[in-house]
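This is what each chain is made of:
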Amino acid sequence: DTAVSQTPKYLVTQMGNDKSIKCEQNLGHDTMYWYKQDSKKFLKIMFSYNNKELIINETVPNRFSPKSPDKAHLNLHINSLELGDSAVYFCASSQQGDRTFLDGYTFGSGTRLTVV
Amino acid sequence: AQSVTQLDSQVPVFEEAPVELRCNYSSSVSVYLFWYVQYPNQGLQLLLKYLSGSTLVESINGFEAEFNKSQTSFHLRKPSVHISDTAEYFCAVSDTGGGNKLTFGTGTQLKVEL
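The sections below set out a description of the structure shown in this document. Counting starts from 1 at the beginning of each chain's written sequence and moves along it residue by residue. Labels are handed out in written order, letters beginning with A for the chains and numbers beginning with 1 for the ligands. Whole-chain, interface and lining totals are the exception, using all residues; otherwise, since this is a predicted model, local features are given only for residues with pLDDT of at least 70 and side-chain atom pairs are given and counted only at 80 or more. Side-chain numbers here rest on the full set of heavy atoms in the structure, without hydrogens or water.

**Structural notes on the overall build of chain B**
- Counting its secondary structure elements, chain B contains zero helices and twelve strands.
- For a compact globule of 114 residues, the expected C-alpha radius of gyration is about 13 Å, and chain B comes in at 14 Å, within 12% of that figure.
- In chain B, buried positions account for 46% of the 114 residues.
- Residue pairs at least 24 apart in sequence account for 57% of intrachain contacts in chain B once pairs closer than 6 positions are excluded. Think of it this way: any DSSP run of H or I at least four residues long counts as a helix, any run of E at least two long counts as a strand, and we number them from the N terminus. As a reference, a globule follows 2.2 Å times the number of residues to the power 0.38, and the radius of gyration itself is taken over C-alpha atoms. For every residue, the accessible area obtained with a 1.4 Å probe (protein chains only) is divided by the maximum for its type, and the residue is called buried under 20%, exposed over 50%, and partly exposed between those limits. Residue contacts are defined here by distance: any two heavy atoms, one from each residue, within 4.5 Å place the two residues in contact.

**A word on the pairing of strand β6 (residues 44-50) of chain B**
Residues and elements named next belong to chain B.
- Any two strands with at least two DSSP bridges between them are considered paired. Of the strand pairs in this sheet, strand β5 (residues 31-38) and β6 are connected by six bridges, and their pairing is antiparallel. Bridging across to β6, Val 37 finds its partner in Gln 45.
- Hairpin connection from β5 to β6: five residues lie between these consecutive antiparallel strands, with Asn 41 at a positive phi of about 60°.

**Some points on the pattern of salt bridges**
Residues and elements named next belong to chain B.
- A pairing counts as a salt bridge when a side-chain nitrogen of Lys or Arg comes within 4 Å of a carboxyl oxygen of Asp or Glu. Across all of its chains, the model carries nine salt bridges over all chains by this definition.
- Across the pair Arg 77 and Glu 20 runs a salt bridge whose closest N-O atoms are separated by 3.4 Å. Of the two residues, Arg 77 is situated in strand β9 (residues 73-78) and Glu 20 in strand β3 (residues 19-21); the sequence distance between them amounts to 57 residues.
- Its relative accessible area of 36% is what places Glu 20 among the partly exposed residues.
- Measuring nitrogen to oxygen at the nearest pair gives 2.9 Å for the salt bridge that ties Asp 85 to Lys 78.
- On the basis of relative accessibility, which here comes to 3%, the residue Asp 85 falls in the buried class.

**Quick word on the packing of aromatic side chains**
- What counts as a ring pair is set by centres within 6.5 Å for rings of Phe, Tyr and Trp (its six-membered ring), and what kind of pair is set by the plane angle: stacked under 30 degrees, edge-to-face over 60, tilted for all other angles. This model, assessed by the stated rule, comprises 15 aromatic pairs over all chains.
- Consider the rings of Tyr35(A) and Phe107(A), whose centres lie 6.0 Å apart with planes at 55°: the pair is tilted. Of this pair, Tyr35(A) sits in strand β4 (residues 31-37) while Phe107(A) sits in strand β10 (residues 106-107), and the two are 72 residues apart along the sequence. Across the pair, exposure class does not vary: Tyr35(A) and Phe107(A) are buried alike.
- Ring centres of Tyr36(B) and Phe104(B) lie 5.6 Å apart, and the angle between their planes is 65°; this geometry places the pair in the edge-to-face category. Taken together, the residues Tyr36(B) in strand β5 and Phe104(B) in strand β11 (residues 103-104) connect sequence positions 68 residues apart. Pair check on accessibility: Tyr36(B) and Phe104(B) agree, each one buried.
- The rings of Tyr33(A), Tyr35(A), Phe90(A), Tyr105(A), Phe107(A), Phe34(B), Tyr36(B), Phe90(B) and Phe104(B) are connected pair by pair, giving a single aromatic cluster.

**Brief notes about the environment of Thr31(A)**
All names here are of chain A.
- Within the fold, Thr 31 resides in strand β4.
- Counting along the chain gives 36 residues from Thr 31 to Lys 67, while the straight-line C-alpha distance between them is 13 Å.
- Here Asp 30 takes part through its side chain, which lies 3.1 Å from a polar atom of the side chain of Thr 31.
- Any pair of N or O atoms that falls within 3.5 Å is considered a polar contact. Within protein, one atom must be able to donate a hydrogen and the other to accept it, and sequence-neighbouring residues count only if both atoms are side-chain atoms. Polar contacts involving the side chain of Thr 31 include one to the side chain of Asn 50, which spans 2.8 Å.

**A closer look at the sheet that holds strand β3 (residues 19-25) of chain A**
Residues and elements named next belong to chain A.
- Judged by pairing direction, the sheet is antiparallel, and its four strands sit side by side in the order β1-β3-β8-β7 without closing on themselves. Strand pairing shows two members of the sheet lacking a second neighbour, β1 (4-7) and β7 (64-70), which therefore form its edges. Each neighbouring strand pair of the sheet contributes to a mean axis angle of 20°, computed without reference to strand direction.
- Here β7 runs beside strand β8 (residues 73-78); their pairing, made up of five bridges, is antiparallel. Looking at the pairing, Phe 64 lines up with Ile 78 of β8. A fitted line through C-alpha atoms represents every axis, and for helices the fit uses only the stretch in contact; the resulting angles, taken between N-to-C directions, go from 0 to 180 degrees.

**As for the interface of chain B and chain A**
- Taken together, the contact between chain B and chain A spans 23 residues of the former and 26 residues of the latter.
- Buried area counts how much accessible surface, traced with a 1.4 Å probe, disappears from two parts once they are put together, with both parts' losses summed. Counting the surface lost from both chain B and chain A, the interface buries some 1,800 Å², and carbon and sulfur atoms represent 58% of this.
- Our enumeration of links across chain B and chain A arrives at two salt bridges.
- The partner of Glu88(B) in a salt bridge is Lys41(A), with the nearest N and O atoms 3.4 Å apart.
- Viewed at the interface, chain A and chain B are joined by six residue pairs in polar contact (both at pLDDT 80 or more).
- Looking at side-chain class alone, the side of chain B that touches chain A contains nine nonpolar, ten polar and four charged residues. Only Asp, Glu, Lys and Arg are considered charged in this grouping, and only Ala, Val, Leu, Ile, Met, Phe, Trp, Tyr, Cys and Pro are considered nonpolar; every other residue, Gly among them, is considered polar.

This is how it looks when you write it as structure tokens:
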């Protein structure tokens, strides 16, 4: 069973569209994250949720809206897509507190978003 | 706030040769340090970490990294690389204050050639 699964794996869409990426983890972790990896492989955190509560919200356009219906799911909705949104988006999960560092993050395999 | 610098974007090396991937960090507080590996078309996986104690940490596949506080470095080394080590390697840092946020470097592409 995949520990952190993201769907879809690939997403090609036109500018101006609205799209969602879904993430689910079956590890029992209580914290989930969205990271954006740009074309130069730079990884930057976007959001983090702990038990459905937003705890990290980096400087991200408000066209990006995370939603966590429960602690096992963290979805990312993007409105009015722009060319610059093209990237690989990674979902990750961890346990809160010291377990985050003892066990590390568990990453999904990524969603490659291409805006044309 | 913390930051991580990986000076080498690409490191080509022949199989069975030694390799060192450099990582330097900046922080005003105590830190935890990590190396993650990303194989093609996959997510990142934790390779090794320094939390406390011995400054030399090892992974199960032969990599090691040494925490050097005075030089603010956490370089990754392997004495003899294999083709299967070809991947992107990311150094990451987090403060020890209880936050869960990892800050990643820009990655180093290790390419092992025959």
